[in-house]
Amino acid sequence: EAGVTQFPSHSVIEKGQTVTLRCDPISGHDNLYWYRRVMGKEIKFLLHFVKESKQDESGMPNNRFLAERTGGTYSTLKVQPAELEDSGVYFCASSQDLGQTETQYFGPGTRLLVL
Amino acid sequence: AQSVTQLDSQVPVFEEAPVELRCNYSSSVSVYLFWYVQYPNQGLQLLLKYLSGSTLVKGINGFEAEFNKSQTSFHLRKPSVHISDTAEYFCAVSVVGSNYKLTFGKGTLLTVNP
C-alpha cells in the first residue's frame, strides 16, 4: 500500500509568486491534515478535511493560503502571493477514521523556500 | 489551548548508551499523547502513543514512554541506542474527542555517535 505522497519535494520561488503544493493521502483515508514547520519552530496544524469538507481551518495563517480537496481524494494548498515568512516544510497527513485508535500517517513534506 | 515542551533541542549520546528524551505538556482537557520520529529525508513516523490504560507504553524499535499525569510528562526512553536511531523526535498531543489535530513540541535531535 502506498503511503502519503507530496509534490513537489522542494520548491524555491520568489516573493510575490504563487506556489501550489499537492498531497495524495493513503487510498480510502477520509481525513486529511495539513501542517507546517517554520525553521526553528514547532510543527503547527493548518487545517483538516473530512472527505471534501473543511472541518477545521483554524490554523491557516491568512487569506493568502487556500486549501482544496475536490472529490475528497488529493488536496492542494496554494499560497498566493508568497511571502518570505511562508518558507518552511509543509506536511500532509491522513487517517482513515476519526477515532482514538486512528493514526495519522505523514508524507515526507514539501520544503518551500521563498526568496 | 494545549502546549508541548520538549526540554532538549539536541541530545548527543554514544552507541549502546541509554537515552531519555523529555516531554511535558499543558492542557486543561484530556489529551492523547504521541511520539513521532523523523529520519533524514523522510516523513514523520509514529513511534508510540498513549490513549488510556497502562501508563507504560511500548513502541517500535525498542522505544517506550511513560505517562505521568501528576507531572504532565511523557518521556521517551530506550535502554540501548543504535546509530540508526539518529533522527529528530517529536512529542505531540491531541484533545480527546476532537478532530485529533496534533499539537507538537519543537522536536529533539538525537545524535548517536559510535
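Higher on the page you've got the structure.
**Student:** Now, about the state of the cysteines: what can you tell me, with residues and values included?
**Tutor:** For the structure on display, the rule yields two disulfides over all chains. Paired by a disulfide, Cys23(A) and Cys92(A) hold their sulfur atoms 1.8 Å apart. In this structure, the disulfide formed by Cys23(A) and Cys92(A) twists by about -60 degrees around the S-S bond and is classed as left-handed. Taken together, the residues Cys23(A) in strand β3 (residues 19-24) and Cys92(A) in strand β9 (residues 88-95) connect sequence positions 69 residues apart. Look at Cys23(A) and you get buried, because its relative accessible area is 0%. Shown here is the disulfide that connects Cys23(B) with Cys91(B), its sulfur atoms set 1.9 Å apart. With the S-S dihedral at roughly -65 degrees, the linkage between Cys23(B) and Cys91(B) falls on the left-handed side. In this pair, Cys23(B) sits in the loop between β3 (19-21) and β4 (24-26) while Cys91(B) sits in strand β10 (residues 87-95), placing the two residues 68 residues apart along the sequence. The class of Cys23(B) is buried, set by a relative accessible area of 0%. On the basis of relative accessibility, which here comes to 0%, the residue Cys91(B) falls in the buried class.

**Student:** I'd love a proper account of the interface of chain B and chain A, names of residues and values included.
**Tutor:** The figure often quoted for interface size is the accessible area lost as the parts come together. Chain B puts 18 residues into the contact, and the matching count from chain A is 23 residues. Both faces combined, the contact of chain B with chain A buries some 1,800 Å², and carbon together with sulfur accounts for 52% of it. For the interface between chain B and chain A, the tally reads two salt bridges. A salt bridge links Glu88(B) to Arg37(A); the nearest nitrogen and oxygen atoms lie 2.9 Å apart. For the pair chain B and chain A, the number of links is eight residue pairs in polar contact (both at pLDDT 80 or more). Class assignment for the residues of the side of chain B that touches chain A results in nine nonpolar, five polar and four charged.

**Student:** Residue-level account of the side chain of Arg69(A), with values.
**Tutor:** Residues and elements named next belong to chain A. With respect to the helices, strands and loops of the structure, arginine 69 is situated in the loop between β7 (65-68) and β8 (75-79). At 5.8 Å, aspartate 30 is the nearest oppositely charged side chain to arginine 69, a buried residue that forms no salt bridge. At a separation of 3.0 Å, a polar atom in the side chain of arginine 69 contacts the main-chain carbonyl oxygen of lysine 51.

**Student:** Give me the lowdown on the pattern of salt bridges, citing residues and values where you can.
**Tutor:** The tally for this structure, following the rule as stated, stands at twelve salt bridges over all chains. Linking Lys54(A) and Glu57(A) is a salt bridge whose minimum nitrogen-to-oxygen distance equals 4.0 Å. The partner of Lys101(B) in a salt bridge is Asp56(A), with the nearest N and O atoms 3.0 Å apart. Placement of Lys101(B) in the loop between β10 and β11 (103-104) and of Asp56(A) in strand β6 (residues 53-56) is noted, with the two residues assigned to different chains. We classify Lys101(B) as partly exposed; its relative accessible area is 27%. Residues joined by salt bridges that share partners form a network here, namely Arg36(A), Arg64(A) and Asp86(A).

**Student:** So, the nonpolar core: which residues are in play, and what are the values?
**Tutor:** Formed by 28 residues in total, the largest nonpolar core has its most connected members in Leu33(B), Trp35(B), Leu47(B), Leu48(B), Phe74(B), Leu76(B) and Tyr89(B). Contributions of two or more residues to this core are made by β2 (10-14), β3, β5 (31-38), β6 (44-50), β8 (64-68), β9 (73-78), β10 and β12 (108-113) of chain B. Residues within four places of Leu76(B) in sequence aside, it is in contact with Val19(B), Glu20(B), Leu21(B), Trp35(B), Leu47(B), Leu48(B), Phe63(B), Glu64(B), Ala65(B) and Tyr89(B). Counting residues in each nonpolar core, the second largest holds 21 residues, with Val4(A), Cys23(A), Trp34(A) and Phe65(A) among its members.

About the thresholds
Residues numbered from 1 in each chain as written. Chains lettered and ligands numbered in written order. Predicted model: local features only at pLDDT ≥ 70, side-chain atom pairs only at ≥ 80, totals over all residues. Heavy atoms only, no water. Disulfide = S-S within 2.5 Å. Helix = DSSP H or I, 4+ residues; strand = E, 2+ residues; numbered from the N terminus. Buried < 20%, exposed > 50% of the residue type's maximum accessible area, 1.4 Å probe, protein only. Contact = heavy atoms within 4.5 Å. Buried area = accessible area lost by both parts, 1.4 Å probe. Salt bridge = Lys/Arg side-chain N within 4 Å of Asp/Glu carboxyl O. Polar contact = N/O pair within 3.5 Å; in protein donor to acceptor, adjacent residues only side chain to side chain. Nonpolar A, V, L, I, M, F, W, Y, C, P; charged D, E, K, R; others polar. Lys, Arg positive; Asp, Glu negative; His and termini not counted. Core = buried A, V, L, I, M, F, W, Y, C linked by side-chain atoms within 4.5 Å.

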